[in-house]
Amino acid sequence: MNAPVSSEQQASLERAERQARVVAALQQVVPQHALLWNREDTTPYECDGLTAYRQRPLVVVLPETYAEVQAVLKTCHSLDVPVVARGAGTGLSGGAMPHKLGVTLSLAKFNKILKMDPASRTAVVQGGVRNLAISEAAAPHNLYYAPDPSSQIACTIGGNVAENSGGVHCLKYGLTVHNVLKVRGFTIEGDDIEFGSDALDTPGYDLLSLVVGSEGMLAVTTEVTVKLVPKPQLARCIMASFDDLRKTGDAVAAVIAAGIIPAGLEMMDKPMTAAVEGFVHAGYDLTAVAILLCESDGTPEEVEEEIGRMIEVLTRCGATAITVSQDEAERLRFWSGRKNAFPASGRISPDYMCMDSTIPRKRLADILLAIGEMEKKYQLRCANVFHAGDGNLHPLIMFDANDADQLHRCELFGADILETSVAMGGTVTGEHGVGVEKLNSMCVQFSAAENEQMFGVKRAFDSRGLLNPGKVIPTLQRCAEYGKMLVRGGKIAHPDLPRF
């Protein structure tokens, strides 16, 4: 008699059979070298920047032409196979985590700048072009692309569109949605689709604002028309030190209340400046409880006047020391510390989870003090760095993912930060997206009716739910189960997600 087949063996057999069918179908529409399905080839795609949760995809496809992207989508749609689009994998919310029975569609080979138009101050780029590469290509024309996420050296414009990425200069120059004119791509059915236009506005519904920040759930982005802005004649950065978190938070609100919109207004607490200084030697004040980086750009006259006004406000709010960059090298050094906050944290902790909530500016000190209490509660360190000007927090919770208890406490810590942010009048995400990380927190912020409205938009573009399924919008069942956990006094962030 044959031994009975276990449920795990049965699932493995079914996966292998499904994989064989999908590979055979895709071999008809893309070259052999564009397909990966062996374990050693697909493992590098098992997560994005949120490394705590991992899942190997059934198949990875790396198309090289638009026709191949279209054919892959049509094939997957006909087979009822989920598709997860992926750029550089730098996202921090698990938005590009694969589906275990689906195809990961990599846009890595779509890395061409198709058109640079200095006269109209626009550029047409493929979805796999790196954010920084746009500014590098525009530099000879004295132009640049304003959104500058910390990962800009690696992240792609397609991923920026998916997450509506910002950056340290988003306070003055806006997020991705404010710097994009048109997005082209394909639906899950393989139909061409275009959002926006080359004009400043388009008739009908503003679908461009809908697709930017849709986290790969509505369409696969292949081309983006971005706006370019002139390089300022001069930029100078203030580093202001404070001996109290309350004073630091109040200073941020005071700068904005004074009618000043800095090019950048960032905050870092003492644990973060210590981590960064040992990594890039940015010249930060390590005695300060927190520092603010406040940048002014424009003509020399504008910069001089604005720097003077900001120094006056910061001094009045209790700054203990103020340093103004004296040349471009020093300004870049100040910003290098902020831009390297994440890798610097990686040097002092085996793992970290970067949260991404947004709160009203007036509550900055309140949330930081609350996070300090959470450090004691969950017995984990947390360093804070964020876009203070628009209240977008980035607490980095440090833990060891090889320790299941630490990972669990990290999940609880992160959920607590998000729920506290909502209670203070904020939101669960600012620019990193919901992905899988914040699904439960979406249950806290939005009602069942509101979530159903979001599902309605999803169904309008993807009636079968094949594009990036199981992310961003929580189901009624998930919210009900999470609600029961809260009633019982427990919080299990992601009981159903594959971990290390």
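Scroll up to find the structure this text is about.
Residues numbered from 1 in each chain as written. Predicted model: local features only at pLDDT ≥ 70, side-chain atom pairs only at ≥ 80, totals over all residues. Heavy atoms only, no water.

**Q** Looking at this model, I keep getting lost on the sheet that holds strand E5 (residues 113-117). Mind explaining?
**A** Sheet architecture is open: five strands sit in the order E5-E6-E10-E8-E9, paired in antiparallel fashion. Since the sheet does not close on itself, it has two edges, and those belong to E5 and strand E9 (192-196), each with one partner. If you compare each strand with its neighbour and ignore which way they point, the axes differ by 10 degrees on average. Bridge analysis of strand E8 (residues 180-186) against strand E10 (residues 220-227) gives six bridges, and the strand direction is antiparallel. For Lys182, the partnering residue across the bridge sits in E10 and is Thr225. Strand contacts of helix H4 (residues 131-138): E5, strand E6 (122-126) and E10, with the helix running at about 45 degrees to E5, the strand carrying the most contacts. (Pairing = 2+ DSSP bridges. Helix = DSSP H or I, 4+ residues; strand = E, 2+ residues; numbered from the N terminus. Axes fitted to C-alpha atoms, helices over the stretch in contact; angles between N-to-C directions. Contact = heavy atoms within 4.5 Å.)

**Q** What should I look at first to understand the packing of aromatic side chains in this one?
**A** Any aromatic ring pair is given by two values, namely how distant the centres are and how the planes are angled relative to each other. Considering all chains together, one arrives at five aromatic pairs under this definition. Pairing Tyr66 with Phe110 gives two aromatic rings, centres 5.5 Å apart and planes at 10 degrees, and the pair type is stacked. Of the two residues, Tyr66 is situated in helix H3 (residues 66-79) and Phe110 in the loop between strand E4 (103-106) and E5; the sequence distance between them amounts to 44 residues. Taking the relative accessible area as the measure of exposure, Tyr66 reaches 26% and is therefore partly exposed. Here Phe110 falls in the buried class, since its relative accessible area comes to 1%. (Phe/Tyr/Trp six-rings, centres within 6.5 Å; stacked < 30°, edge-to-face > 60°. Buried < 20%, exposed > 50% of the residue type's maximum accessible area, 1.4 Å probe, protein only.)

**Q** Please clarify how the side chain of Ser93 should be interpreted in this entry.
**A** With respect to the helices, strands and loops of the structure, Ser93 is situated in the loop between strand E3 (83-86) and E4. When its relative accessible area of 1% is taken as the criterion, Ser93 is described as buried. Those residues in contact with Ser93, other than ones at most four positions away along the chain, are Asp48, Leu50, Glu163, Glu215, His432, Gly433, Val434, Gly435, Val436, Glu437 and Lys438.

**Q** Honestly, the packing of helix H8 (residues 245-257) against helix H10 (residues 300-316) in this entry has me stumped. Any pointers?
**A** Any two packed helices are characterised by the angle at which their axes cross and by the distance between the axes. At a minimum axis distance of 9 Å, the contact between H8 and H10 shows a crossing angle of 140 degrees. Judged by the twist between their axes, the crossing of H8 over H10 is right-handed. Packed against H8, whose contacting residues are Ala251, Ala254 and Val255, the element H10 presents Met310, Val313 and Leu314 at the interface. The residue inventory of the contact of H8 with H10, partitioned by class, reads six nonpolar, no polar and no charged. (Left-handed = near helix turned anticlockwise from the far one by under 90°. Nonpolar A, V, L, I, M, F, W, Y, C, P; charged D, E, K, R; others polar.)

By themselves, these figures tell us nothing about what the structure is for.
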